[in-house]
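Each chain, letter by letter, is given below.
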Amino acid sequence: MHVPHFSFLLTKFGNILQQRMGIALRLLMVVGMLICLASAAHAAEGTATFYTAPYVPSSCYGYQDNGVMIAAASDAIWNNRAACGRRYRVRCIGATNQGVPQPCRGDGNGVVVKIVDYCPPGCQGTIDLSKEAFSKIANPDAGKIKIQYTLVS
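In the nomenclature of an unreviewed UniProt entry, the protein is known as EG45-like domain containing protein of Ziziphus jujuba.

With 24 residues, the main nonpolar core has Val90, Ile115, Ile127, Leu129, Ile137 and Ile145 as its most contacted residues. Put simply, the parts of the chain that give this core at least two residues each are strand S2 (70-73), helix H2 (75-78), strand S3 (87-95), strand S4 (111-118), strand S5 (127-130), helix H3 (131-137) and strand S6 (145-152). In terms of nonpolar packing, the next biggest core, distinct from the first, is built from 6 residues, Tyr55, Ile70, Ala72 and Val116 among them.

Here we come to the pairing of S3. Along a regular strand, successive side chains alternate from one face of the sheet to the other. Bridge count between S3 and S4: 4 bridges; the pairing is antiparallel. Bridging across to S4, Val90 finds its partner in Val111. Bridge count for S3 against S6 is 8 bridges, and the pairing is antiparallel. Bridge pairing in S6 places Cys92 opposite Ile147.

If you walk around this closed barrel you meet the 6 strands as S1-S5-S2-S4-S3-S6, and the pairing is mixed. Going across the sheet, the axis of each strand differs from the next one's by a mean of 50°, ignoring polarity.

Right, let's talk about the packing of aromatic side chains for a bit. All told, the structure shown has 4 aromatic pairs when counted by the stated rule. Their ring planes at 50° and their centres at 5.0 Å tell us that Phe50 and Phe134 sit as a pair that is tilted. Linking Phe50 in strand S1 (residues 44-51) with Phe134 in helix H3, this pair joins segments that are 84 residues apart in sequence. With centroids separated by 5.9 Å and ring planes inclined at 65°, the aromatic side chains of Tyr88 and Tyr149 adopt a geometry described as edge-to-face. Placement of the pair is Tyr88 in strand S3 and Tyr149 in strand S6, with a sequence separation of 61 residues. In terms of burial, Tyr88 and Tyr149 fall into one category: buried. Here the guanidinium or amino end of Lys114 rests over the ring plane of Tyr61, the centre of that ring lying 4.6 Å away.

Parameters at a glance
- Residues numbered from 1 in each chain as written.
- Predicted model: local features only at pLDDT ≥ 70, side-chain atom pairs only at ≥ 80, totals over all residues.
- Heavy atoms only, no water.
- Core = buried A, V, L, I, M, F, W, Y, C linked by side-chain atoms within 4.5 Å.
- Buried < 20%, exposed > 50% of the residue type's maximum accessible area, 1.4 Å probe, protein only.
- Helix = DSSP H or I, 4+ residues; strand = E, 2+ residues; numbered from the N terminus.
- Pairing = 2+ DSSP bridges.
- Axes fitted to C-alpha atoms, helices over the stretch in contact; angles between N-to-C directions.
- Phe/Tyr/Trp six-rings, centres within 6.5 Å; stacked < 30°, edge-to-face > 60°.
- Lys NZ or Arg CZ within 6 Å of the ring centre and 35° of its normal.

What follows is the structure, given as structure tokens:
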């Protein structure tokens, strides 16, 4: 009767372990890619305009000062005041007119704003940003830009 050598068993075990780790690594990479795709898929597109101070009173908070990284929501996201207090990451993705063909600025990460007000019917954008927030992501001379926006938890 032939008994396998211990080194042979270790080699065989090492090969099996290496194969399983390779599969686990590939699976981990696929899961990571799916998470990235899922976060990109949740970004909606629209347009942004801006409004200037004074920023109070607001529809959501009355005379409470919420700083300057704020926005007004159009009917597209207002949802009967449910948007009040929500935070959105807004990124400039392009121009809406020929006046400023490349309006986007900043690092591409966008700006996070808090919804504090309502932009009534006739609003020219999906989100009406404070001038300070708009200026972080685009040249104010553009007036209106194409955006991607994502709800931030």
